[in-house]
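Each chain is listed here by its residues.
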Amino acid sequence: TCGGDLRVRGALTCGSMLRGEGSTVVAEDLEVNGMIHCAKSLQVGGGLLCAESLHAAHGIRVGQSMRCGMHIDAGWGIVAQSDISAEGAIRAGESIVSGGSIRTGTGFSLYAGLSARRDAWSSCGRVVSRTRPESLLSGLWDCSPCAVLN
């Protein structure tokens, strides 16, 4: 648990949960063998692996792929340079952008634009990935990830 902002210049591995009361920035890979809870944003320069659920009250930005053992929740948006996968649901208040694919767990769904009006989904409820996620229930799919990530 960190009572404010957490900044790590290298990689970070946690044996149990990671809880931050501010923004969390990890320059390289982040691996957590429990849940992640960020009161603000989460930014990871490398890959992200979370054994349980991941919650960020603001946004999530990952430099490589992100994989979560349960749900992924972001109050704002989610951006990953590669694949995004969760064994549970993926929910974002705004857009979800992946340089690869986006996959939810069996029986779970993908929700983007939960905090945006439906008529604004083209700008703040977009789901960007190489292929349309089968589990997409909320948001507007766009297949042009390269233009958005650069």
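1. Let's talk about the pattern of salt bridges
Turning to step 1, where the next piece is worked out: Going through the model one piece at a time under the given rule, you end up with five salt bridges.
Turning to step 2, where the next piece is worked out: With its nearest N and O atoms 2.5 Å apart, the salt bridge here joins Asp 142 to Arg 126. Residue Asp 142 is located in strand S21 (residues 140–142), and its partner Arg 126 is located in strand S19 (residues 126–128); the two are separated by 16 residues in the primary sequence.

2. Here's the deal with the sheet that holds strand S13 (residues 78–80)
The strands making up a sheet associate through backbone hydrogen bonding, with each pair oriented either parallel or antiparallel.
Turning to step 1, where the next piece is worked out: If you trace the eight strands from one edge of the open sheet to the other, you get S1-S4-S7-S10-S13-S16-S19-S21, paired in parallel fashion. Two strands close off the open sheet at either side, each with one partner strand: strand S1 (6–8) and S21. Averaged over all pairs of adjacent strands, the angle between their axes in this sheet comes to 10 degrees, without regard to strand direction.
Turning to step 2, where the next piece is worked out: Pairing analysis gives three bridges linking S1 to strand S4 (residues 24–26), with the strands arranged parallel. Along S4, the bridge assignment pairs Leu 6 with Thr 24.

3. Brief notes about the sheet that holds strand S11 (residues 66–68)
Turning to step 1, where the next piece is worked out: Taking strand neighbours across the sheet as the criterion, the six strands line up as S2-S5-S8-S11-S14-S17 in an open arrangement whose pairing is parallel. Of all the strands in the sheet, the pair left with one neighbour each is strand S2 (12–14) and strand S17 (102–103).
Turning to step 2, where the next piece is worked out: Of the pairings in the sheet, the one linking strand S14 (residues 84–86) to S17 comprises two bridges and is parallel in character. Note on S17: the bridge partner recorded for Ile 84 is Ile 102.

4. Section: the environment of Glu 94
Turning to step 1, where the next piece is worked out: Structurally, Glu 94 is set in the loop between strand S15 (90–92) and strand S16 (96–98).
Turning to step 2, where the next piece is worked out: Glu 94 gets classed as partly exposed once you look at its relative accessible area, which sits at 37%.
Turning to step 3, where the next piece is worked out: With 17 residues separating them in the primary sequence, Glu 94 and Tyr 111 have C-alpha atoms 9.1 Å apart.
Turning to step 4, where the next piece is worked out: Excluding its chain neighbours within four sequence positions, the residues that come into contact with Glu 94 are Gly 75, Trp 76, Gly 77, Ala 112, Gly 113, Cys 124 and Gly 125.

Conventions we followed
Numbering of residues starts from 1 in every chain and runs along the sequence as written. Selection of residues for local features in this predicted model requires a pLDDT of at least 70, selection of side-chain atom pairs for listing and counting requires 80 or more, and totals for whole chains, interfaces and linings are taken over all residues. Note: side-chain values were computed over all heavy atoms of the structure, leaving out hydrogens and water. One side-chain nitrogen of Lys or Arg within 4 Å of one carboxyl oxygen of Asp or Glu is enough to make a salt bridge. Where helices and strands are cited, they refer to DSSP runs of H or I of at least four residues and of E of at least two residues respectively, numbered from the N terminus. At least two bridges found by DSSP between two strands are what make those strands a pair. Here the axes come from fitting lines to C-alpha atoms, over the contacting stretch only for helices, and the angles between their N-to-C directions go from 0 to 180 degrees. The classification of residues rests on relative accessible area computed with a 1.4 Å probe and restricted to protein chains. Under 20% of the type maximum is buried, over 50% is exposed, and intermediate values are partly exposed. Contacts are assigned to residue pairs with any non-hydrogen atoms lying within 4.5 Å of each other.

By themselves, these are just geometric observations and shouldn't be taken as functional.
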